Amino acid sequence: MIKKTYKDVQLSTLGLGNMRFHTTDSTGAHIQYDKAHEVIDLAYESGINYFDTAHVYNSGDSERCLGEAMKKYPRDSFYVATKFNINASKDYRKTFAEQLERLQTDHIDFYLVHCITDGNVDEYLASGLVDFLEEKRAEGKITYLGFSSHASTATLERFADSHNFDFAQIQLNYYDWYFGNAKNEYEALVKRNIPITVMEPVRGGRLAELTPDAEAMLKEAHPEWSISSWAMRFVKSLPGIQVVLSGMNNLEQVKDNVATFSSDDVLSAEDQKILEEACRLFKKQLTIPCTACKYCVPACPMKINIPEFLRVLNDVKANGDWGLQGKIAAIESDGQPGDCIGCGACRVQCPQSLDIPAFMQELAEKISK
């Protein structure tokens, strides 16, 4: 596992995101600890020493699961990153104490102000949260202070300049680089010499399976590379990237990603041309940029498994309605798209600002035909 120097520590270039573990039901509130711990243990044994979670992940079960898994390892052999989201709680003092308890630790190595957006940045800046976190950093309860952003570049720059942040986390992958705002965000942070942690390098797993023509192009260039490893290689080729997070939920994913991050090889100029063309072919299919983060699910009063229904809608848009009823029936969800009441609670939580009620209505109409 390749490690890079960050200030006075060595961080693995691949980090484990603890958000996508298998759960016991569709709400995602209860992780299957045995399966999750197998993944965490293999990651640790493979040289990964950066473990990312958040107070809101799995309704708190992510922090509890990680704390339970890591208590058997020396505390100075790994680094924990967690976050505070003001949309979920206003009481950051109580939340911070709760996080220490859940994670079974006396300090947080990397603490993030969670999910800055254009809509919440003013509340974050006025809340006193960052001042509180800076106090905790001075006390040694937090080692490094950063933030994660799903905001516009201008808002990201504004927040980055508001305090002395040690690092930042952004959504960065080749799709968002070519067709989104990732390149501008990356350049804004590099200009400020703020080290970058990458989230969604495979775009919630969406870049692990492309269209057949796009996959054929990549396989012809490098038959031995997995499709998802192209996404990882793209991100790790960029200067200024400190850690690349992957929400691995099975042992095969860990092994594949560890292999990718165990060598210094980067994409050649020709590889990058091939990848960009493959991405353009793939873009014809990807119509709803959902990353399956599931932030919307706990907010839905009708208990709709929104990411899974959006995945089906993407498939329908690309390939037609054939087999739609079977695909809908296979989704584990208490609520159905037709149950959506259009309250917008999901939209408030969505980092991509998707008009989820409109998509639910669109899919409900297709189902009813």
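Please refer to the structure higher up on the page.
Let us look at the structure shown here. (Residues numbered from 1 in each chain as written. Predicted model: local features only at pLDDT ≥ 70, side-chain atom pairs only at ≥ 80, totals over all residues. Heavy atoms only, no water.)

**Section: the pairing of strand β1 (residues 3–6)**
How we decide: A pair of strands is treated as paired once DSSP finds two or more bridges between them. Helical segments are the DSSP runs of H or I of at least four residues, strand segments are the runs of E of at least two, and each set is numbered from the N terminus.
Here β1 pairs with strand β2 (residues 9–12) via 4 bridges, running antiparallel. Its bridge partner being in β2, Tyr6 is matched across the sheet by Val9. Count of turn residues in the β1/β2 antiparallel hairpin: 2 residues, of which Lys7 carries a positive phi of about 55°.

**As for unusual backbone geometry**
To be explicit about the condition: When accessible area is computed with a 1.4 Å probe and restricted to protein chains, residues below 20% of their type maximum are described as buried, those above 50% as exposed, and intermediate ones as partly exposed.
Look at Asn58: it is not a glycine, yet its phi comes out positive at around 50°. Checked against the element boundaries, Asn58 lands in the loop between β4 (50–52) and α2 (61–70). Overall, Asn58 belongs to the buried group, its relative accessible area being 12%. One non-glycine residue, Ala292, adopts positive backbone phi at about 55°.

**Let's talk about the environment of Gly247**
This is how the line gets drawn: Contact between two residues is taken to exist if any of their heavy atoms lie within 4.5 Å; hydrogens are not considered.
Structurally, Gly247 can be placed in the loop between β10 (241–246) and α11 (251–260). Linking Gly247 and Pro201, residues 46 residues apart in sequence, is a C-alpha distance of 9.6 Å. If sequence neighbours within four positions are ignored, Gly247 has contacts with Gly17, Arg20 and Gln253.

**Observations regarding α2**
Of all the 10 residues making up α2, 8 are buried; the element is thus mostly covered by neighbouring parts of the structure. Among all positions of α2, only Asp61, Ser62, Glu63, Cys65, Leu66, Gly67, Ala69 and Met70 are buried. Looking at the buried side of α2, the elements it contacts are α1 (33–45), β4, β5 (79–84) and α3 (92–103).

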